[in-house]
Amino acid sequence: MKLRTNLSRLRTRGISLIECLVYLVVFAILMNIGGAAFYFCWDHSKALIYATDDVESALRAGEDWRADVRLAAGRITVETNAAGEVIRIPENGKEILYRFASGEVRRQVASESFSQLLLAKVKASQMQSDARGDVAAWRWELELTQRRRETQMPLLFTFEAVAKNTP
């Protein structure tokens, strides 16, 4: 009789092997769900960082372009060929070139051989004159390529500028 009471006490004190396996399975499921949520957030956080970098570089390039158009000392011309588009902006004894080719927008001073990469991963770029009465305004429409297929909103920009010194 004494032996029975000791066995019954032992059974209620510990956990069985089946319970231990159930706890391990529940723990593994929770860790997998937590890991998947972590990597989902990590991936989207990186995508947000890339998108903000793209927007920042596009805005910086647009402001540089607007500054060059405002400083134009002559007639601005646009050439379109099979390789891409070139806009020529004459400024105080030099000529600034903006080139769109091979998915890149580059800025170059015509007398120098070095060209500065303003934007990479450009899907479309079009610079055109936008006459508004006596004012010769310029418009640059820009579309960047999407880094992720899941992105629903394309990165589209429109910059406008007026040359102060054009005849």
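Just so you know, these numbers come straight off a predicted model, no measurement behind them.

J.: Would you explain the side chain of Glu85 in this entry?
T.: Locating Glu85 in the fold gives a position in strand S2 (residues 84-91). Buried and without a salt bridge, Glu85 has Arg139 as its closest oppositely charged side chain, separated by 11 Å. Ignoring any residue separated from it by four or fewer positions in sequence, one finds Glu85 in contact with Val78, Glu79, Thr80, Tyr98, Arg99, Phe100, Ser125, Gln126 and Met127.

J.: Would you explain the confidence of the model for the protein in this entry?
T.: Keep in mind that low pLDDT regions are not for reading the predicted coordinates in detail. The predicted model of the protein averages 85 in pLDDT, with 89% of residues at 70 or higher. Looking at the elements of the protein, mean pLDDT is at its lowest for helix H1 (residues 2-13), recorded as 57, and at its highest for helix H2 (residues 17-70), recorded as 92.

J.: Help me understand the nonpolar core, please; the structure alone is not making it clear to me.
T.: Residues Trp65, Leu119, Trp140 and Leu142 are the most contacted members of the largest nonpolar core, which totals 26 residues. With sequence-adjacent residues up to four places away left out, Trp140 is seen in contact with Ala61, Gly62, Trp65, Val105, Leu119, Ser125, Gln126, Met127, Phe157, Thr158 and Phe159.

J.: Honestly, the pairing of strand S3 (residues 94-101) in this entry has me stumped. Any pointers?
T.: Alignment of S2 against S3, held across 8 bridges, turns out to be antiparallel. Residue Pro90 lies in a different strand from S3, and its bridge partner there is Glu95. Following S2, the chain reverses through 2 residues before pairing antiparallel with S3; Gly93 in that reversal takes a positive phi of roughly 80°. One ladder, built from 6 bridges, connects S3 with strand S4 (residues 104-109); its direction is antiparallel. Within S4, the position partnered with Tyr98 by the bridge is Arg107. Counting the residues between successive antiparallel strands, the hairpin from S3 to S4 contains 2 residues, one of them, Ser102, with a positive phi of roughly 55°.

Calculation notes
Residues numbered from 1 in each chain as written. Predicted model: local features only at pLDDT ≥ 70, side-chain atom pairs only at ≥ 80, totals over all residues. Heavy atoms only, no water. Helix = DSSP H or I, 4+ residues; strand = E, 2+ residues; numbered from the N terminus. Buried < 20%, exposed > 50% of the residue type's maximum accessible area, 1.4 Å probe, protein only. Lys, Arg positive; Asp, Glu negative; His and termini not counted. Salt bridge = Lys/Arg side-chain N within 4 Å of Asp/Glu carboxyl O. Contact = heavy atoms within 4.5 Å. pLDDT = per-residue confidence, 0-100. Core = buried A, V, L, I, M, F, W, Y, C linked by side-chain atoms within 4.5 Å. Pairing = 2+ DSSP bridges.

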